[in-house]
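Letter by letter, the chains look like this.
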Amino acid sequence: MISFDKFIDTDFGVELIHKTENEALFVAKRRFYWHFVGVKLTSENGFIHNVLVQQHIPRYVMCEVIDSLKKIDHIAQDQAKAGRVTRTHECERVGIYSVGNSRYGFDLIYVHQGLSKEFCEYLEEDLVAFEVAKSKVKFVDDLYVLPRSKSYSKKPVSAKSKRLIEAIAFERETAKKLDARNFGIYSAFCTWKDFCEEGIKDRHFYEALVDGQYKYDAEEFYYGDFMDLALNVQNDFLDKPIWGKGIKVDRDVAVDILVKGMSQLTSIQLTQFSLMMGMHESGLFLSLAQVLGLNSYEKYIEWKTQSYQPDSEYEQDLRYEIEIIKLLGELGKDID
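Since the model is a prediction, treat every value here as computed from it, not as a measurement.

**A look at the environment of lysine 326**
Then comes step 1: With respect to the element layout, lysine 326 can be found in helix α14 (residues 313-331).
Then comes step 2: Between the C-alpha atoms of lysine 326 and glutamine 272, which are 54 residues apart in sequence, the distance is 7.8 Å.
Then comes step 3: Leave out the neighbours within four places in its chain, and lysine 326 touches Arg93, Gln272 and Tyr297.

**Re the pairing of strand β2 (residues 23-29)**
Then comes step 1: β2 sits mainly inside the fold: five of its seven residues count as buried.
Then comes step 2: For strand β1 (residues 15-19) and β2, the ladder comprises four bridges, and the chain directions are antiparallel. Following the sheet pairing, histidine 18 is matched in β2 by leucine 25.
Then comes step 3: Remark: three residues form the turn of the hairpin made by β1 and β2, two consecutive strands paired antiparallel.
Then comes step 4: When β2 meets strand β3 (residues 33-44), the two strands line up antiparallel, connected through seven bridges. When the sheet's bridge partners are listed, phenylalanine 26 is paired in β3 with valine 37.
Then comes step 5: Count of turn residues in the β2/β3 antiparallel hairpin: three residues.

**Some points on the sheet that holds strand β8 (residues 143-150)**
In a beta sheet, neighbouring strands pair by backbone hydrogen bonds and run either parallel or antiparallel.
Then comes step 1: Taken together, three strands build an open sheet; the order of strands is β7-β8-β9 and the sheet is antiparallel. Two strands lie at the open edges of the sheet, namely β7 (138-140) and β9 (156-159), each paired on one side alone. Along the sheet, successive strands turn relative to each other by an average axial angle of 40°, direction set aside.
Then comes step 2: Sheet topology places β8 next to β9; three bridges connect them, and they run antiparallel. The partner of valine 145 across the bridge, within β9, is serine 158.
Then comes step 3: Sitting on the sheet, helix α7 (residues 185-196) touches β8 and β9, and the angle it makes with β9 is about 85°.

**A short note on the pattern of salt bridges**
Two side chains with opposite charge may pair up if their charged atoms get near one another.
Then comes step 1: Taken as a whole and assessed by the stated rule, the structure comprises 21 salt bridges.
Then comes step 2: Of the charged contacts in the structure, one is a salt bridge between glutamate 323 and arginine 93, with a shortest N-O distance of 3.1 Å. One end of the pair, glutamate 323, is in helix α14; the other, arginine 93, is in the loop between α3 (73-81) and β5 (96-98), with 230 residues separating them in the sequence. The same class applies to glutamate 323 and to arginine 93, which are both buried.
Then comes step 3: With a shortest N-O distance of 2.9 Å, arginine 203 and aspartate 256 are connected by a salt bridge. Of this pair, arginine 203 sits in helix α8 (residues 203-214) while aspartate 256 sits in helix α10 (residues 251-262), placing them 53 residues apart in sequence.

**Details of helix α11 (residues 267-280)**
Then comes step 1: Spanning 14 residues, α11 covers 19 Å between terminal C-alpha atoms, matching the ideal 20 Å at 1.5 Å per step.
Then comes step 2: Of all 14 residues making up α11, 11 are buried, and the element is well covered by its neighbours.
Then comes step 3: Along α11, the positions that sit buried rather than exposed are Ser267, Ile268, Gln269, Leu270, Thr271, Gln272, Phe273, Ser274, Leu275, Met276 and His280.
Then comes step 4: Buried positions along α11 lie against α7, α8, α10, α12 (284-291), α13 (297-305) and α14.
Then comes step 5: Of the residues flanking the end of α11, it is glutamate 281, one or two places downstream, whose phi is positive at about 50°.

About the criteria used
Residues numbered from 1 in each chain as written. Predicted model: local features only at pLDDT ≥ 70, side-chain atom pairs only at ≥ 80, totals over all residues. Heavy atoms only, no water. Helix = DSSP H or I, 4+ residues; strand = E, 2+ residues; numbered from the N terminus. Contact = heavy atoms within 4.5 Å. Buried < 20%, exposed > 50% of the residue type's maximum accessible area, 1.4 Å probe, protein only. Pairing = 2+ DSSP bridges. Axes fitted to C-alpha atoms, helices over the stretch in contact; angles between N-to-C directions. Salt bridge = Lys/Arg side-chain N within 4 Å of Asp/Glu carboxyl O. Expected span 1.5 Å × (residues − 1).

Okay, structure coming up:
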């Protein structure tokens, strides 16, 4: 039997919701997201190891998924009789399924019969705020608008993306007020609206990016997989590479090349890039790799969190912030 429940719940601040001889699943409902922690026991060479896995699911995303599953609950019931689980397109985002009768499970720790009725009802509680939030979004002059809300610099909370504004409305409904100092989808929206919506024209911004990259001597250090990724980004995105082994480009020429390349980014991609640079110090090419889809977010999380204890506050913040940055890209993909 798993004997370390007390360490997981106290270290991560989560509660046990499912347990078998070899697996356990824990959860906590945070301000803006659901935090799941799974533990699996494995045996290798006669030794028992515990494998810890985590998932941070924005509460708005969870509502979208649960809402989609509730609408086909009757189908899920029929599928469950045949021993199959049911998923919708929305489920692919977070690995959730239904077994009918408003019972859900998570691929993180697979439970064929679904989790307890009490927990599934707990998951559904946010649906009330979800529907209220959607009702408050208006369509005015070809834009979706959240009345009586402004960005940090007092611009209207409006965009071409209905889902983006609904997500902000949901955050206001559940948190009771919007505060850009608490990083969530609204805070990410403010970065877009206030700084990136019209692009970044200041050449100093791009000069700083090149200068920051040129501090790293590509000839002196071994960069492993990152060097390959950096070259892939440059070959796909820039007229020619500006950094790497054997690559010598004048600084001002490199800035010109980078300015031209980054002009291809949408304003949402530019926002994601800026957030990763500012919040995670992710560097020029790793940040570009993320927004261009050349590196998985799973790999990004692995690289950014590998130096921290899984239960540390900083590690948890990183995982959550990455999910919000990823979500901004999904919600705003049709804006530009």
